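Spelled out, the chains give:
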4 protein chains.
Amino acid sequence: MCGIFGITNNKDAAHLTHLSLFALQHRGQESAGIASTLEGHMTSHSGMGIVSEVFSEKEILRLSGDSAIGHVRYSTTGSSHIKNAQPLVSNTRHGALALAHNGNLTNAAQIRRSLEEKGSIFHSSTDSEAILHLLAHNPGNLEEALIASLKAVEGAYSLAILTPDRLIACRDPHGFRPLVLGKLGNSYVVSSETTALTLIKADYVREIEPGEIVFIESGKVRSVKPLPQTPLARCVFEQVYFARPDSVVFGKSVQRVRQSLGRALAKEMKGFKADIVVPVPDSGVPAALGFSHESKIPFEVGLVRSHYVSRTFIRPNQEMRELAVDLKLSPVAEVLKGKRIVLVDDSIVRGTTSRKIANSLRAAGVLEIHMAISSPPIISACYYGIDTPRSETLIANHKNIDEIRKFLGVDSLHYLSLDAMLNAAKEGSSKDGFCTACFTKRYPTSIPEESSDNQLLSTN
Amino acid sequence: MCGIFGITNNKDAAHLTHLSLFALQHRGQESAGIASTLEGHMTSHSGMGIVSEVFSEKEILRLSGDSAIGHVRYSTTGSSHIKNAQPLVSNTRHGALALAHNGNLTNAAQIRRSLEEKGSIFHSSTDSEAILHLLAHNPGNLEEALIASLKAVEGAYSLAILTPDRLIACRDPHGFRPLVLGKLGNSYVVSSETTALTLIKADYVREIEPGEIVFIESGKVRSVKPLPQTPLARCVFEQVYFARPDSVVFGKSVQRVRQSLGRALAKEMKGFKADIVVPVPDSGVPAALGFSHESKIPFEVGLVRSHYVSRTFIRPNQEMRELAVDLKLSPVAEVLKGKRIVLVDDSIVRGTTSRKIANSLRAAGVLEIHMAISSPPIISACYYGIDTPRSETLIANHKNIDEIRKFLGVDSLHYLSLDAMLNAAKEGSSKDGFCTACFTKRYPTSIPEESSDNQLLSTN
Amino acid sequence: MCGIFGITNNKDAAHLTHLSLFALQHRGQESAGIASTLEGHMTSHSGMGIVSEVFSEKEILRLSGDSAIGHVRYSTTGSSHIKNAQPLVSNTRHGALALAHNGNLTNAAQIRRSLEEKGSIFHSSTDSEAILHLLAHNPGNLEEALIASLKAVEGAYSLAILTPDRLIACRDPHGFRPLVLGKLGNSYVVSSETTALTLIKADYVREIEPGEIVFIESGKVRSVKPLPQTPLARCVFEQVYFARPDSVVFGKSVQRVRQSLGRALAKEMKGFKADIVVPVPDSGVPAALGFSHESKIPFEVGLVRSHYVSRTFIRPNQEMRELAVDLKLSPVAEVLKGKRIVLVDDSIVRGTTSRKIANSLRAAGVLEIHMAISSPPIISACYYGIDTPRSETLIANHKNIDEIRKFLGVDSLHYLSLDAMLNAAKEGSSKDGFCTACFTKRYPTSIPEESSDNQLLSTN
Amino acid sequence: MCGIFGITNNKDAAHLTHLSLFALQHRGQESAGIASTLEGHMTSHSGMGIVSEVFSEKEILRLSGDSAIGHVRYSTTGSSHIKNAQPLVSNTRHGALALAHNGNLTNAAQIRRSLEEKGSIFHSSTDSEAILHLLAHNPGNLEEALIASLKAVEGAYSLAILTPDRLIACRDPHGFRPLVLGKLGNSYVVSSETTALTLIKADYVREIEPGEIVFIESGKVRSVKPLPQTPLARCVFEQVYFARPDSVVFGKSVQRVRQSLGRALAKEMKGFKADIVVPVPDSGVPAALGFSHESKIPFEVGLVRSHYVSRTFIRPNQEMRELAVDLKLSPVAEVLKGKRIVLVDDSIVRGTTSRKIANSLRAAGVLEIHMAISSPPIISACYYGIDTPRSETLIANHKNIDEIRKFLGVDSLHYLSLDAMLNAAKEGSSKDGFCTACFTKRYPTSIPEESSDNQLLSTN
């Protein structure tokens with residue numbers, strides 16, 4: 001997954017972008033980057049790691065300019081490399097261009113093969129570079145080239161593109177990924193989530209609409225919608241898990257949606273008896289609160305999340321490895337001992353983490369563990385940007401609910417129904433249309449042939 | 001503040017110590033270190049930064065041994081230097097010694113002056129080095145020298161001392177800082193907090209008692225209590241704020257004590273009307289839950305804590321500076337808008353953070369802010385290891401409650417009473433005796449003359 | 001300037017390349033890189049700095065393969081950037097390709113403009129990337145594409161190109177830069193200079209001929225010469241200054257040529273009286289020895305070169321700055337005091353270094369300084385790879401010899417004549433044809449229009 | 001070996017010290033450090049590596065002051081550690097002290113044992129720390145304590161000691177190591193060698209005399225000679241090999257002495273026939289020149305020294321290892337082929353390097369190699385600071401000259417006689433008295449019992 005941000009017409013453009021990337025850091029911790037422009041000259045810096053590792057004072061000062069875009073990235077296995085860090089920056093026939101992309105194209109491989117045949121040289125292994133090469137190949141002015149390029153790509157994309165004289169934001173016609181427009185004094189701002197707007201005290205203007213291209217130039221916003229319309233397919237998993245609870249995504253408060261999911265789950269489990277409701281922190285907290293409010297079972301903090309987790313951990317043997325995994329979540333024995341608990345989490349992917357949590361709760365003296373998940377079983381992979389693993393490794397892909405329950409070692413297991421989830425997600429919202437592919441295998445686009453991982457070169 | 005850990009008779013001594021320092025990381029993020037022994041040879045490594053920054057696989061492997069001690073440190077301003085990182089390791093007349101200290105001596109300056117007169121050369125600016133020099137100067141065997149040295153020092157100390165053939169743990173007669181004994185198979189373990197025992201799956205045996213010295217050698221524990229007895233003065237602030245909620249400190253569950261503090265506060269505010277109870281995360285959460293349970297005002301998550309905060313932040317101007325402080329806590333506008341809230345926190349030190357939080361809650365549309373603090377006003381500095389600033393900068397030192405309320409910009413301000421706090425802290429516990437100096441100025445020992453910051457040398 | 005190396009069919013390919021780059025390090029200290037292939041897979045690593053800074057054991061091990069090419073680079077001001085480090089590595093329609101280039105194309109800007117019009121995206125600011133893009137654009141097999149590409153470029157190039165199944169070496173038809181073929185057991189080797197062959201104990205086979213393309217595949221060498229013939233224009237400055245004295249360049253021993261240049265200079269100064277001959281170390285030593293042998297004036301070491309010179313020197317004020325420049329060469333006062341010296345150097349570029357040396361010799365008590373240069377005055381810039389500065393900054397471009405003498409503060413100044421230099425350079429060699437453009441302004445090709453430094457983007 | 005430097009009363013004290021450490025870098029490349037004082041406050045910085053690695057602009061600026069001392073260090077095997085880097089800086093009963101030491105004490109172990117018995121804690125494994133602890137233990141004022149301390153130590157020491165108000169320089173009564181006094185405007189300067197004075201344009205005043213203590217305070221020099229007189233024992237190896245050729249050491253030009261050594265060797269080999277004289281660069285150059293002048297055999301550069309040698313070289317197998325050693329010196333085949341050469345070097349230690357050089361000369365086609373060494377055979381270890389290895393590994397310790405010749409694989413082998421060496425070293429000098437222990441086993445002091453390497457602790 002990724003987060004993108006852009007701002008124009010502001011003397012603190014690079015500082016505000018830097019600050020905003022902290023607010024979007026949950027969307028990607030693998031690499032970070034900023035490109036900025038000052039008087040027709042473009043500068044950029046990117047690096048592997050989280051924002052605080054990538055940028056020192058020196059880089060931020062070097063990036064001083066009046067417009068900037070930023071990017072944080074989390075990649076799938078195998079392509080964690082500085083060449084894939086964004087913004088991608090290049091000189092093309094349209095001049096200097098920087099591009100930040102959130103989402104995943106489903107026809108990138110075909111585009112790449114066809115462009116290589118025409119003489120293009122790809123430098124990264126990201127699908128995002130295909131957009132850049134299409135732009136470089138398409139004649140006409142930049143607007144014409146961009147429209148032609150977007151007509152050629154399929155899949156999920158929220159984009160921020162920076163040129164020496166404008167900022168362009170666009171969102172694919174399905175609207176898979178969020179993208180919002182804000183205003184800070186005379187500056188326009190675009191961001192994956194509203195939390196960045198709140199942080200820099202910008203006002204929320206509106207969503208960039210699915211299929212919309214917005215040009216921000218000389219302090220003015222101009223919008224075009226040249227792409228063929230398609231049914232909406234907004235990613236419901238942004239609401240369930242991915243976005244920050246303080247953000248407003250697809251027009252809805254994420255915290256409120258998650259509380260509603262918890263309430264809905266409690267309704268579906270009506271009459272269920274337990275002593276306390278315990279969330280898996282941090283993502284399970286809002287649903288657990290909603291569950292507690294609805295069910296009247298008291299909410300308790302039974303698991304403490306550590307903020308200090310080793311990234312380069314040493315695991316000399318199996319025993320040490322097992323211990324290391326407990327670092328992140330610690331049970332509060334005094335709260336848990338002898339209790340029947342409803343353990344609330346947002347989702348189960350492989351099931352291994354949930355099983356470890358269950359084990360550690362048992363060790364702390366919990367009597368009964370009833371696991372309550374505020375979304376349906378995840379059964380298939382995402383091709384639109386969420387880093388769920390291959391379908392085979394999703395526990396619900398090949399086990400039924402009772403098998404999962406046994407695997408987790410819990411006393412009962414409850415998933416929210418698809419309908420209840422969608423009702424909670426759209427409640428109070430005038431718009432409809434979510435992508436539920438990971439829960440239903442109903443993909444709103446054609447999906448890529450089996451991805452070929454046989455890269456021919458690797459570089460450091 | 002600091003955290004200490006030690007383990008003997010375990011082939012994974014360094015790995016387990018490394019792991020445990022992650023669990024104690026909240027007690028100090030400035031430096032970290034481990035010393036270990038293998039067949040009479042002592043090895044150590046320490047560095048500035050958090051545990052994950054200080055140790056790579058290479059260091060941990062180099063530290064392989066069968067006994068080890070570890071230390072995490074947070075210093076007061078001005079002496080943040082690698083020379084002060086612990087464990088302190090030295091060759092003395094008693095052979096090789098490593099020492100890890102939590103607490104603060106109140107007569108370190110006198111000891112230092114007197115030892116320098118006798119020819120000692122101090123290399124760090126820590127009080128802990130005084131203990132090492134006393135050990136080096138005192139004749140007899142190590143046990144005799146240790147007893148003589150501890151008789152000479154005053155103040156707070158929980159110590160783990162490692163020699164090539166044993167591990168020694170001791171705690172000052174007032175019992176200011178916690179220290180517990182655990183057992184993992186055939187290995188004895190000492191730790192500042194029980195959370196490290198839980199993590200490595202060691203059993204909790206008991207507290208190291210105030211005034212006790214424990215020698216662990218050849219798999220056996222031997223205890224002596226040679227120091228003059230004094231009234232207990234356990235740091236109540238460990239319970240209020242410092243320790244991890246999943247730890248058992250001074251025999252009590254920290255999470256439970258904090259919930260009790262919240263309940264007690266709700267009782268003292270009986271009849272108070274508000275729409276929701278909102279904690280300042282993470283430390284205010286248990287008290288807020290207790291408050292909500294007692295008062296029946298619903299608990300809501302109105303502030304989201306970010307896990308990604310820049311340590312080396314760029315603040316080119318006042319405007320950017322102001323924005324940067326909001327990074328850590330973000331208001332959830334949908335939860336807060338139009339509400340009268342009880343904002344629960346554990347304590348107020350300078351008041352500047354609380355004021356910023358209040359501002360940001362107002363901006364998010366809160367109607368009324370009623371601040372409820374689960375401890376009394378902090379009016380004086382700590383000389384026993386808590387890193388409270390000089391008395392002058394403590395807001396309650398020179399402002400009354402209404403002045404503080406105005407400074408914070410809140411509608412009402414409520415502190416828990418001293419009696420109620422002490423009742424909650426000792427509830428269910430057979431032992432009595434807390435240090436309340438920061439709330440009452442009643443110091444259980446003589447305190448140092450005005451600390452002289454005129455260091456004569458600084459080294460990198 | 002740059003140095004290139006390649007080896008095939010050797011299990012130690014990366015190690016031998018690494019070693020050889022040390023031997024070629026004098027040809028470029030700005031960046032270094034290696035690409036290697038193993039069973040169809042290509043790996044590469046490059047970085048800023050000298051070879052010992054760029055490669056650690058980890059990288060060399062990662063590069064294990066059976067064929068490899070390497071590159072060291074020294075760039076002109078302004079484009080010192082990791083993106084310009086070579087080998088350039090890319091996926092193209094012809095598969096994975098790595099390219100190492102020594103020399104400078106004179107029509108790179110035109111090629112770039114034309115390729116950008118066709119949709120190419122350039123990632124570096126080097127002319128070398130143009131060759132890669134031409135290869136990617138030209139259809140047919142790799143050999144056809146390479147011939148078509150080389151027909152399109154003008155200027156100086158010695159190239160080593162690595163693909164998963166072969167090593168290709170080529171040299172432009174003018175033969176500006178050296179490139180030799182060697183053999184080590186069953187492995188063929190190509191290198192900018194023979195010193196690398198000597199180091200790895202490879203036998204010297206022959207020069208790669210001007211206009212020749214050599215394909216090394218399955219342990220066999222195949223040669224084609226498809227490019228139109230042009231007069232030879234081998235860089236005489238390689239002999240005068242650039243190459244290592246232990247190398248054989250263009251079929252001649254560099255050390256011997258330099259001694260001959262010194263002898264020729266002594267002949268042209270026949271009858272000149274002085275007490276001692278002193279070289280400017282290290283490059284002036286062979287010519288000074290030749291001068292001494294011919295003139296019978298004793299050779300003395302009057303200047304000592306320091307091997308420890310700061311790259312990141314601190315110069316707080318003019319005074320300190322002046323001192324810092326003396327670090328590199330120290331006069332030996334006892335040798336120099338009261339003497340009339342012939343100071344021998346290979347060339348004068350800006351004149352500032354020579355002036356400083358003259359000053360420091362005066363301070364050491366030299367009576368008379370007679371400067372003798374073993375080549376003619378440098379009056380114009382090089383467009384074929386030597387990093388001479390723009391013509392305006394060359395002292396002999398705008399001052400006559402007496403003006404230069406005054407600027408340097410020496411008692412007399414003597415340059416070798418063009419004819420004598422060329423006679424020394426070709427003596428004993430059957431081949432003719434040198435480029436003398438820097439001494440004569442007679443460029444063997446058309447030269448680039450005024451170089452435009454207005455880069456549109458910069459990236460770190 | 002080590003180099004020391006000090007300067008007082010100069011606003012650029014740290015910059016000039018930094019610069020001078022570059023000039024003394026040949027005396028030690030393992031660690032470097034500077035301590036400076038400003039208005040009674042002492043600051044220091046030291047690190048592992050060469051001067052350019054240890055100091056960045058930041059550190060030099062932090063060290064701004066009006067007096068400073070500096071140190072470069074090369075240690076013997078096993079104690080390469082930052083704790084041993086100098087200047088040693090400490091707070092003692094005499095206030096803040098920084099100490100830089102060149103030389104080696106022969107009774108450091110006894111002093112250490114005795115001080116540890118009295119309660120001292122040693123932090124480094126250097127003998128230099130013993131001086132610091134003696135100072136800290138001795139009562140009275142600093143001058144009294146220093147005299148008492150120096151009376152207690154034996155062996156070689158040239159010292160620079162910095163306090164907040166003065167600079168102290170002293171040299172042991174045997175005068176093992178050099179130390180000179182210079183003057184730069186109103187600033188006094190002390191340095192191991194005069195080359196640093198030349199660099200910073202300071203005037204050479206005189207040697208610090210053996211047994212002299214010089215106090216530099218308030219711009220005045222005061223000298224005392226309180227130590228018992230002993231016969232002079234100046235290290236002749238400084239002249240033969242160690243010092244820089246442009247320095248004046250013990251009152252003599254090093255370059256001139258080395259040329260005399262070469263002349264003397266040629267006289268002892270009178271009538272010897274060969275085609276050319278070839279030095280082993282750089283240290284063999286002056287002796288080879290002297291040899292050539294005396295013998296009339298032409299001097300030629302037959303070996304080229306590379307300035308780029310890897311410190312962290314990868315040697316995957318024996319074959320690669322063998323190649324790597326040739327990196328430093330390359331034969332110039334055209335000069336050597338078919339020649340009978342006199343190969344001149346200053347000394348032979350283990351013989352392995354000389355053997356490798358001989359091998360590589362043979363491979364380049366040399367007909368006969370006659371090795372001529374400008375000093376006698378080294379037969380015993382140095383206990384006064386030169387890093388010669390243990391006696392067993394010195395080739396001349398257990399092989400006679402013909403055996404050495406065979407080991408090296410040369411046609412004949414010639415050493416200079418002891419008398420001739422001493423005559424050359426003292427020629428023109430009024431003073432007598434050299435230490436020749438490494439050539440004669442006649443140690444001018446008692447030497448340490450077998451050094452015990454069994455350190456009890458190691459720290460990073």
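What counts, and at which threshold
- Residues numbered from 1 in each chain as written.
- Chains lettered and ligands numbered in written order.
- Predicted model: local features only at pLDDT ≥ 70, side-chain atom pairs only at ≥ 80, totals over all residues.
- Heavy atoms only, no water.
- Buried < 20%, exposed > 50% of the residue type's maximum accessible area, 1.4 Å probe, protein only.
- Helix = DSSP H or I, 4+ residues; strand = E, 2+ residues; numbered from the N terminus.
- Contact = heavy atoms within 4.5 Å.
- Least-squares fit on C-alpha atoms with pLDDT ≥ 70 in both.
- pLDDT = per-residue confidence, 0-100.
- Buried area = accessible area lost by both parts, 1.4 Å probe.
- Salt bridge = Lys/Arg side-chain N within 4 Å of Asp/Glu carboxyl O.
- Polar contact = N/O pair within 3.5 Å; in protein donor to acceptor, adjacent residues only side chain to side chain.
- Nonpolar A, V, L, I, M, F, W, Y, C, P; charged D, E, K, R; others polar.
- Phe/Tyr/Trp six-rings, centres within 6.5 Å; stacked < 30°, edge-to-face > 60°.
- Lys NZ or Arg CZ within 6 Å of the ring centre and 35° of its normal.
- Pairing = 2+ DSSP bridges.
- Axes fitted to C-alpha atoms, helices over the stretch in contact; angles between N-to-C directions.

Our next topic: helix H10 (residues 285–295) of chain A. Residues and elements named next belong to chain A. Among the 11 residues that make up H10, eight are buried, leaving the element largely enclosed by the rest of the structure. Where H10 is concerned, the buried positions are Val-285, Pro-286, Ala-287, Ala-288, Leu-289, Gly-290, Phe-291 and Ser-292. Here the buried face of H10 lies against helix H9 (254–268), strand E17 (276–279), strand E20 (340–345) and strand E21 (368–373).

Take chain B, turn it by 180°, move it 0.0 Å along the axis, and it overlays chain A with an RMSD of 0.0 Å. Accordingly, the operation relating the two chain copies is best matched by a two-fold axis. Ranked by how close their C-alpha atoms come to the rotation axis, the residues of chain B are headed by B:His307, at 3.5 Å. Most of the interface of chain B is mirrored in chain A: 100% of its interface residues are interface residues there too.

Further remarks concern the confidence of the model for chain A. Residue and element names in this part refer to chain A. Looking at chain A as a whole, its pLDDT mean stands at 91, while 92% of the residues score no less than 70. Note on residues 311–315: pLDDT under 50 across the span, and 17 contacts to partners over four residues away in sequence or across chains. Within the model, pLDDT remains below 50 along residues 451–460, and this stretch shows 27 contacts once partners closer than five positions in the same chain are excluded. The ipTM value of the predicted complex is 0.90, and its pTM value is 0.86.

Turning to the interface of chain B and chain A, a few remarks are in order. With 60 residues of chain B at the contact, the number on the chain A side is 60 residues. Summed over both partners, the interface of chain B with chain A buries about 4,900 Å², with 66% contributed by carbon and sulfur atoms. The tally of links from chain B across to chain A stands at zero salt bridges. Along the contact surface separating chain B from chain A lie six residue pairs in polar contact (both at pLDDT 80 or more). The dominant element in the side of chain B that touches chain A, judged by the number of residues it contributes, is helix H1 (residues 13–23) of chain B, at six residues. Tallied by class, the residues present in the side of chain B that touches chain A amount to 28 nonpolar, 18 polar and 14 charged.

This part covers the packing of aromatic side chains. The full count for this structure, using the stated rule, is 30 aromatic pairs over all chains. On the numbers, 5.7 Å between centres and 40° between planes, the contact of B:Phe237 with B:Tyr241 is tilted. Of this pair, B:Phe237 and B:Tyr241 both sit in helix H8 (residues 236–242), separated by four residues, roughly a single helical turn. Judged by its relative accessible area of 6%, B:Phe237 falls in the buried class. Look at B:Tyr241 and you get partly exposed, because its relative accessible area is 37%. Among the aromatic residues, those joined into a ring-pair cluster are A:Phe176, A:Tyr383, A:Tyr384 and A:Tyr443. Its guanidinium or amino end placed over the ring of A:Phe434, A:Arg234 lies 4.4 Å from that ring's centre, counting from NZ or CZ. Over the aromatic face of C:Phe407 sits the side chain of C:Arg355, whose NZ or CZ is 4.1 Å from the ring centroid.

On to helix H5 (residues 128–137) of chain C. Residues and elements named next belong to chain C. Across the 10 residues of H5, 10 count as buried, placing the element largely inside the fold. Of all the positions in H5, only Ser-128, Glu-129, Ala-130, Ile-131, Leu-132, His-133, Leu-134, Leu-135, Ala-136 and His-137 are classed as buried. Buried-residue contacts for H5 involve strand E5 (88–92), strand E6 (95–102), helix H4 (108–117), helix H6 (142–152) and strand E7 (158–163).

The subject of this paragraph is the sheet that holds strand E12 (residues 213–217) of chain C. Residue and element names in this part refer to chain C. Strand order in the open sheet made by the six strands is E5-E6-E7-E8-E12-E13, with antiparallel pairing throughout. Edge strands, defined here as strands with exactly one partner in the open sheet, are E5 and strand E13 (220–224). For this sheet, the mean inter-axis angle between neighbouring strands, taken without regard to orientation, is 20°. Direction of pairing for E7 relative to strand E8 (residues 166–171): antiparallel, over a ladder of six bridges. Looking across to E8, one finds that Ser-158 is bridged to Arg-171. H5 rests against E5, E6 and E7 of the sheet, and its axis sits at about 150° to E6.

What follows is about the environment of C:Leu343. Residues and elements named next belong to chain C. Here Leu-343 shows up in strand E20 (residues 340–345). Between the C-alpha atom of Leu-343 and that of Glu-59, which follows or precedes it by 284 residues, the distance is 45 Å. In this view, Leu-343 contacts Val-278, Val-280, Leu-303, Ile-357, Leu-361, Ile-369, His-370, Met-371 and Ala-372; residues no more than four positions away in its chain are not counted.

On the side of chain D, 35 residues touch chain B, which itself brings 35 residues to the contact. Interface of chain B and chain D: buried area, both sides summed, is about 3,000 Å²; carbon and sulfur atoms make up 45% of it. Our count for the chain B to chain D interface comes out at zero salt bridges. One can count five residue pairs in polar contact (both at pLDDT 80 or more) joining chain B with chain D. At the level of secondary structure, the elements contributing two or more residues to the side of chain B that touches chain D comprise strand E3 (41–48), strand E5 (88–92), helix H4 (108–117), helix H5 (128–137) and strand E24 (457–459) of chain B. Per-element accounting of the side of chain B that touches chain D gives the leading share, six residues, to E3(B). Counted by class, the side of chain B that touches chain D contains nine nonpolar, 18 polar and eight charged residues.

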